[in-house]
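# Architecture and fold: a report
The lines below spell out each chain.
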Amino acid sequence: MYRILDVLRQADNFISGQEIGNMLSVSRAAVWKGIEKLRQEGYEIEAVTNKGYRLIHPETMYNKRELETGRKTKRMGYPVYFWKETDSTNNRIRELAFEGAEEGTLAVAEVQTAGRGRRGKPWRSPVGTGIWMSVLLRPQIAPTQASVMTLLGGLAVCEALENMTKLKTKIKWPNDIYIGHKKVVGILTEMDCELTQVHFVVMGIGINVNTKAFPADLQDIATSLYLESGQTYSRKKLVQNIMEVLERYYDAFVEAGTFAPFLEAYRKKCMTLRKEVTVFAKEPFAATALDITEDGELLVKRADNGKKEVVYAGEVSIRGVIK
Ligand code: BTN
């Protein structure tokens, strides 16, 4: 039946059952059966007497087949594992990684029932409107370097979103993506490692794409690409674009062996720099955000004693602006 899908995809306009049958050396009845199966999977296929069949809006379809079709990457975003519903795509990639899955393997879910955010917070992942996905990376780096993967992911998602939507995005260190003062993307990077070597990294990316409204508790802090632009976007195209940019960035990172080539671009995108912040360490403290180091840490100057300090990971709020 997917051969029929490919024929429909390639035909610009209507194509008759007879023609499809001839092309694939199958009967018209078999074509009709295949079309019905595709419809059951959710593909919208128009049928008009004397004209034939036409595939409508294939770009809005979101499944393994669509996400793998037309990809331009060597390995990032392939193969795709797709779940209509799962607890968390980060959990799925973790399992696949232990089973020996290749770098670039992508897990995507239509709904996550236990989506996780950073610091144990839940991540709301409702049906139909967002991208909830995790990609498997196997960088040959030490665990101490792993946090730069997080920054790299943020930067790559920003570039891809800006390419596709023309919206202006900013990063709140380390990798929350904002449009204006509202968050549109969250990234949760988890890893499995020993003392000196990372075994694998799971980069989990959550994007509010076509969300039309948020629940009351999120309204003031969350936004979506739709709410910012008034347009709906193809999740398939966004996922594929993100995988392309991520592959380019990741390869450059692996070749350089450091985050240095990205530092300038990251500094430009980072909304935390030069702001008054609160660092939520064991004892929260007020500080000014000064710079990003080559290892991706945030350099701050404490308000209480004027000393400079490096923040490795964690929660930083921009005072008076963003929690
Ligand atoms: C955050 O901002 O706190 C991070 C949110 C990360 C959400 C994504 S959605 C896909 C992947 N699976 C999860 O359970 N979490 C990440």
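Summarised in this report is the structure supplied together with it.

Our focus in this paragraph is the sheet that holds strand β12 (residues 298–302). Taken in spatial order, the five strands make up an open sheet running β13-β12-β11-β10-β14, and their pairing is antiparallel. Each having just a single partner strand, β13 (308–311) and β14 (316–318) make up the two edges of the open sheet. Adjacent strand axes in the sheet meet at a mean angle of 45°, parallel and antiparallel pairs treated alike.

A few words on helix α9 (residues 260–269). Those residues of α9 not exposed but buried are Phe262, Leu263, Tyr266 and Lys269. Along α9, the residues classed as buried sweep out an arc of 135° about the axis, all on the same side. α9 presents Pro261 and Lys268 as exposed residues on the side facing more than 90 degrees away from its buried surface. Of the surrounding secondary structure, the elements contacted by the buried residues of α9 are α6 (147–165), β6 (170–172), α8 (235–256) and β11 (285–292).

Here we come to the pairing of strand β3 (residues 80–86). Both β3 and strand β4 (residues 106–112) contribute to a ladder of six bridges, which runs parallel. Bridge assignment links Glu85 to a residue of β4, and that residue is Val111. Regarding topology, helix α5 (residues 89–98) serves as the crossover connection from β3 to the parallel β4, and that connection is right-handed.

Under the counting rule described, the total for this entry stands at six aromatic pairs. Between Tyr62 and Phe82, the ring centres sit 5.5 Å apart and the planes meet at 90°, which makes this aromatic pair edge-to-face. With Tyr62 in the loop between β2 (52–56) and α4 (64–68) and Phe82 in strand β3, this residue pair connects regions lying 20 residues apart in the sequence. Judged by its relative accessible area of 21%, Phe82 is partly exposed. A cation sits over an aromatic face here: Arg71 above Tyr78, 4.0 Å from the ring centre. Lying over the aromatic face of Tyr62, Arg235 brings its terminal NZ or CZ to 3.9 Å of the ring centre.

Here the bond from Tyr78 into Pro79 is cis, since omega is -5°, no more than 30 degrees from zero. Looking at the secondary structure, you find Pro79 in the loop between α4 and β3. The backbone phi angle of Asn50 is positive, close to 70°, even though this residue is not glycine. Relative to the helices and strands, Asn50 is located in the loop between β1 (44–48) and β2.

Moving on: the sheet that holds strand β5 (residues 130–137). Sheet architecture is open: seven strands sit in the order β3-β4-β5-β9-β8-β7-β6, paired in mixed fashion. Edge positions in the sheet fall to β3 and β6, since each has one partner strand and no second. Strand-to-strand, the axes of this sheet are offset by a mean angle of 20°, without reference to chain direction. Across four bridges, the pairing between β4 and β5 is antiparallel. Residue pairing across strands places Leu106 opposite Val135, the latter belonging to β5. Relative to β5, α8 is tilted by about 30°, and along the sheet it contacts β4, β5 and β9 (198–208).

Now for the pattern of salt bridges. Using the criterion set out here, one finds 30 salt bridges in the structure. For Asp251, the salt bridge is made with Arg75, and the minimal N-O distance between the two is 2.8 Å. Taken as a pair, Asp251 in helix α8 and Arg75 in the loop between α4 and β3 lie far apart in primary sequence, 176 residues in all. Between Asp304 and Arg302 there is a salt bridge; the shortest N-O distance is 3.0 Å. Arg302 gets classed as buried once you look at its relative accessible area, which sits at 17%. What you see here is one network of salt bridges that share partners, running through Arg118, Lys121, Lys172, Asp176, Lys183 and Glu315.

Bridging between β1 and β2 involves five bridges; their strand directions are antiparallel. Directly across from Glu46, in β2, lies its bridge partner Arg54. Hairpin remark: β1 followed by β2, antiparallel, with three residues in the connecting loop; positive phi at Asn50, about 70°.

In this fold, Asn210 is placed in the loop between β9 and α7 (225–229). Overall, Asn210 belongs to the buried group, its relative accessible area being 12%. Look past the residues within four positions of Asn210 in its chain and what remains in contact with it is Thr129, Tyr226, Gln231, Thr232 and Tyr233.

Procedures and definitions
- Residues numbered from 1 in each chain as written.
- Predicted model: local features only at pLDDT ≥ 70, side-chain atom pairs only at ≥ 80, totals over all residues.
- Heavy atoms only, no water.
- Pairing = 2+ DSSP bridges.
- Helix = DSSP H or I, 4+ residues; strand = E, 2+ residues; numbered from the N terminus.
- Axes fitted to C-alpha atoms, helices over the stretch in contact; angles between N-to-C directions.
- Buried < 20%, exposed > 50% of the residue type's maximum accessible area, 1.4 Å probe, protein only.
- Arc of directions from axis to C-beta.
- Contact = heavy atoms within 4.5 Å.
- Right-handed = clockwise from strand over helix to strand, strands pointing away.
- Phe/Tyr/Trp six-rings, centres within 6.5 Å; stacked < 30°, edge-to-face > 60°.
- Lys NZ or Arg CZ within 6 Å of the ring centre and 35° of its normal.
- Salt bridge = Lys/Arg side-chain N within 4 Å of Asp/Glu carboxyl O.

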